Amino acid sequence: MSNYNKGFLYFICAVSAMGGLLFGYDWVVIGGAKPFYELYFAISDSPLMQGVAMTTALVGCLVGAMVAGSAADKYGRKPLLMLAAILFTVSAIATGLFNDFTLFNIARFIGGVGIGVASALAPMYIAEVSPAEIRGRMVSLNQMTIVLGILSAQIVNMLLARDTTVAESQAWNIEWGWRWMFWAETLPAALFLLMSFFIPESPVYLKMKSEPRTAGVKAEAGLGELFQKKYGKVLLLGLVIAVFQQWCGTNVIFNYAQEIFVGAGFDVDGMFINIVITGIANVLFTFVALYTIEKWGRRTLILIGAGGLGLIYLVLGTCYFMGMTGFLMVALVVAAISVYAMTLGPVTWTLLAEIFPNRVRGIAMATCTFALWVGCCTLTFSFPSMNAALGSSGTFWIYSAICFCAFVFLLRNCPETKGKSLEELEKELIKK
């Protein structure tokens, strides 16, 4: 075991991972607010406008991820984490404040930029400050805060949403309830900003900035360097892992919980309860990942995730096709969330933070995170149309097929990275 200050390491990783907490909250809170702001803005009968409202933040994620890599290599990891905290704070206040649908979407876009920056920077920062023997567990801490943020949003939404069967309560939901769901993010966002002043800069970044001064070489790697032939195989692997984490289909359960659970026979109040149940399962099985990621390894877990989700979605789609409702449907959804939480959720971010060389890690993480959010954006925008055209059965069968195809690709191409230093992985994965 390397010599390091465990307390300080856990502190700086926990602060960085607060970006994940806000990422999870900001990403999922809209699912609970959706039934109410759609009525407030009079878009409940417009699938196009519903898709716009759900996708605006994801477009912001694309922008945030796109600029995060080069900016982190130029200005450092720490300033970018602080910027993400500022964006989260501004978005949380503004989203609930605006009465105009356009301004509402602009505020969501700002929060999305924060998500894009935090999702690229937090796991990379943690990987760069953590010893090899616990790196997987520490990067998984970021996923743990993401799912805690998701669960927090689900609980806040449930507590704030008043009885939908009472006219006065429903009127409060439509006028104020959805606003407080967004405003609740302000406190943790401000705390993240405050605590980010007390973390150091990444040692990898400091080393990278100091070495080129003597060699006369530009410090920041660009896309041109990343797309060199020697990085081709590892870049393809990173892009596939990133997009698959979204197109495995699990995230539509969070963003479109209303459609999924109502389609399974539940009313709106039952929907909120089931959402919290899935959030609890998400947290519990992320704890499982913290243990298994260093025991079983990244490759084993990601294969379990791809194969397991493929089977679950196959069964879930069949149950929808047969018109089944009730407990079984909830159990299958919880099973899918549980498998995702202990595999694809944390392992994706760990692998992306590990497989790239120090020289191009910033731009590579940004590129893969950009691809991940393209996957999330297209998944989120396409679900209403797919669900309308194919039904829930056909939609989940498509997700099942995607999972099985990814399983084959990962079986052939995904290496094991546990217990190896970033320098060792660079020698193994990059052919000079």
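Residues numbered from 1 in each chain as written. Predicted model: local features only at pLDDT ≥ 70, side-chain atom pairs only at ≥ 80, totals over all residues. Heavy atoms only, no water.

(A) Structural view of the confidence of the model for the protein chain. Chain-level pLDDT for the protein chain is 84 on average; 90% of the residues reach the 70-or-more range. Looking over the protein chain, one finds the lowest element-wise mean pLDDT in helix H9 (residues 212-215), namely 47, and the highest in helix H15 (residues 298-321), namely 94. (pLDDT = per-residue confidence, 0-100. Helix = DSSP H or I, 4+ residues; strand = E, 2+ residues; numbered from the N terminus.)

(B) Structural context of the pattern of salt bridges. Enumeration over the complete set of coordinates arrives at nine salt bridges. The residue Glu128 makes a salt bridge to Arg77 at a minimum N-O spacing of 2.8 Å. Taken as a pair, Glu128 in helix H4 (residues 101-129) and Arg77 in helix H3 (residues 77-97) lie far apart in primary sequence, 51 residues in all. When its relative accessible area of 6% is taken as the criterion, Glu128 is described as buried. In this structure, Arg179 engages Glu175 in a salt bridge whose closest nitrogen and oxygen atoms are separated by 3.8 Å. (Salt bridge = Lys/Arg side-chain N within 4 Å of Asp/Glu carboxyl O. Buried < 20%, exposed > 50% of the residue type's maximum accessible area, 1.4 Å probe, protein only.)

(C) Just the packing of aromatic side chains, in detail. Under the counting rule described, the total for this entry stands at 21 aromatic pairs. Aromatic side chains Phe104 and Phe182 sit 6.0 Å apart centroid to centroid with 75° between the ring planes, which places their arrangement in the edge-to-face category. Pair noted here: Phe104 is in helix H4 and Phe182 is in helix H6 (residues 167-183), with a separation of 78 residues, a long-range link. Just as Phe104 is buried, Phe182 falls in that class too. A ring pair is formed by Trp176 and Trp183, whose centres lie 6.5 Å apart and whose planes are at 45°; its orientation type is tilted. Judged by its relative accessible area of 40%, Trp176 is partly exposed. Chaining the aromatic ring pairs together yields one cluster made of Tyr37, Tyr40, Phe41, Phe101, Phe104, Trp178 and Phe182. Its guanidinium or amino end placed over the ring of Tyr40, Arg179 lies 4.9 Å from that ring's centre, counting from NZ or CZ. Lying over the aromatic face of Trp176, Arg179 brings its terminal NZ or CZ to 5.6 Å of the ring centre. (Phe/Tyr/Trp six-rings, centres within 6.5 Å; stacked < 30°, edge-to-face > 60°. Lys NZ or Arg CZ within 6 Å of the ring centre and 35° of its normal.)

(D) Region of the structure containing the side chain of Thr348. Checked against the element boundaries, Thr348 lands in helix H17 (residues 344-354). With relative accessibility at 0%, the residue Thr348 sits in the buried group. What Thr348 contacts, discounting residues up to four positions off in sequence, is Ile241, Ala242, Gln245, Thr343 and Leu372. (Contact = heavy atoms within 4.5 Å.)

(E) Summary view of the nonpolar core. Among the nonpolar cores identified, the biggest contains 118 residues, and Tyr37 and Trp373 are the most heavily contacted of them. With six residues, the next largest nonpolar core counts Val147, Leu151, Val276 and Val283 among its residues. (Core = buried A, V, L, I, M, F, W, Y, C linked by side-chain atoms within 4.5 Å.)

(F) Representation of the environment of Glu133. Within the element layout of this structure, Glu133 appears in the loop between H4 and helix H5 (135-160). Taking the C-alpha atoms as reference points, Glu133 and Leu332, 199 residues apart in sequence, are found 35 Å from one another.

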